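Spelled out, the chains give:
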Amino acid sequence: MGHPGIATKAPTRIISVIMVGAIVMLALRVWVAAPMTVVSDSMEPTVMQGSIVLVHSAAPSLDGPTVGQIVVFRSPEDGKRTLKRVAGAAGQTVAIRDGALYVDGALIVEQYVDSRQIDGTFFHRVTVPAGHLFVLGDNRAISIDSRDYGFIPIADVAGTVLWPW
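Residues numbered from 1 in each chain as written. Predicted model: local features only at pLDDT ≥ 70, side-chain atom pairs only at ≥ 80, totals over all residues. Heavy atoms only, no water.

## Structural notes on the layout of surface pockets
Piece 1. Put simply, the largest pocket is a space of about 290 Å³.
Piece 2. Taken together, 18 residues form the lining of the largest pocket, with Ser40, Ser42, Asp78, Thr82 and Lys84 sitting closest to its centre.
Piece 3. At four residues, the largest contribution of residues to the lining of the largest pocket is made by strand β4 (residues 81-89).
Piece 4. Looking at the lining of the largest pocket, its residues break down into eight nonpolar, four polar and six charged. (1 Å grid on protein atoms, 1.4 Å probe; cavity = no way out; pocket = protein on both sides within 12 Å on 5 of 7 lines; lining within 4 Å. Points joined across faces, edges and corners; volume = space filled by probe spheres on them. Helix = DSSP H or I, 4+ residues; strand = E, 2+ residues; numbered from the N terminus. Nonpolar A, V, L, I, M, F, W, Y, C, P; charged D, E, K, R; others polar.)

Here it is, written out as structure tokens:
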């Protein structure tokens with residue numbers, strides 16, 4: 001005959017472990033990172049439509065996300081959560097000449113952009129105001145981004161993409 005206390009302790013321990021695991025997973029999702037399904041093709045080929053990305057949801061630093069990071073925010077166009085790449089931060093000048101991105105007058109080499117699709121694309125030089133970002137989709141030929149709706153307030157950034165999968 002077995003020990004009577006062992007049978008009642010095992011289910012309690014299992015339930016405790018499951019509850020602690022669920023709380024940890026919930027905390028990670030709320031305060032650290034959460035999955036997001038990409039519904040647009042504006043970031044292709046970097047992030048394909050239908051892909052799932054992991055979004056770091058912690059508050060951005062006082063300066064905000066850095067140039068080159070992919071950020072998630074509510075689109076001024078339709079209010080939906082969207083992701084774009086930061087092309088310019090506060091105080092920087094941004095321009096597109098013949099499809100090439102220039103930040104503070106320097107050519108930015110963007111391996112993630114198909115330059116054949118955007119050859120002949122121009123966007124006038126702008127200076128990003130304090131507290132804002134200039135964002136672009138990697139699929140520049142079809143992306144609706146800061147060239148259309150202007151600068152994004154850093155306060156509207158919900159997070160940065162940690163990893164597309």
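## What about the side chain of arginine 147?
Piece 1. Locating arginine 147 in the fold gives a position in helix α3 (residues 146-149).
Piece 2. Among the polar contacts listed, one links the side chain of arginine 147 to the backbone oxygen of arginine 140, at a separation of 3.1 Å.
Piece 3. Looking at arginine 147, its side chain comes within polar contact range of the side chain of aspartate 145, at 2.8 Å. (Polar contact = N/O pair within 3.5 Å; in protein donor to acceptor, adjacent residues only side chain to side chain.)

## Here's the deal with unusual backbone geometry
Piece 1. In this structure, the amide linkage connecting glutamate 44 to the following residue, proline 45, adopts the cis form with an omega of 5°.
Piece 2. Inspection of the secondary structure puts proline 45 in the loop between β1 (33-37) and β2 (52-56).
Piece 3. Its identity is not glycine, yet aspartate 98 carries a phi of approximately 50°, on the positive side.
Piece 4. Here aspartate 98 falls in the partly exposed class, since its relative accessible area comes to 43%. (Buried < 20%, exposed > 50% of the residue type's maximum accessible area, 1.4 Å probe, protein only.)

## Considering the pattern of salt bridges
Piece 1. Counted by the stated rule, this structure contains three salt bridges.
Piece 2. We note a salt bridge from arginine 85 to aspartate 138, for which the minimum N-O separation is 2.8 Å. In this pair, arginine 85 is assigned in strand β4 and aspartate 138 in the loop between β9 (132-136) and α3, connecting sequence segments 53 residues apart.
Piece 3. Owing to a relative accessible area of 2%, aspartate 138 belongs among the buried residues under this scheme.
Piece 4. Between glutamate 110 and arginine 140 there is a salt bridge, with its nearest N and O atoms 2.6 Å apart. Residue glutamate 110 is found in the loop between β7 (106-108) and α2 (115-118), and its partner arginine 140 is found in the loop between β9 and α3; the two are separated by 30 residues along the sequence. (Salt bridge = Lys/Arg side-chain N within 4 Å of Asp/Glu carboxyl O.)

## Let's talk about the packing of aromatic side chains
Piece 1. A full pass over the atoms with the stated rule returns three aromatic pairs.
Piece 2. Taking 6.4 Å as the distance between ring centres and 70° as the angle between the ring planes, the aromatic pair formed by phenylalanine 73 and tyrosine 149 counts as edge-to-face. Of the two residues, phenylalanine 73 sits in strand β3 (residues 70-74) while tyrosine 149 sits in helix α3, which places them 76 residues apart along the sequence. Here phenylalanine 73 matches tyrosine 149 in class, with each residue buried.
Piece 3. Centroid distance phenylalanine 123 to phenylalanine 134: 5.6 Å. Interplanar angle 45°. Geometry classified as tilted. (Phe/Tyr/Trp six-rings, centres within 6.5 Å; stacked < 30°, edge-to-face > 60°.)

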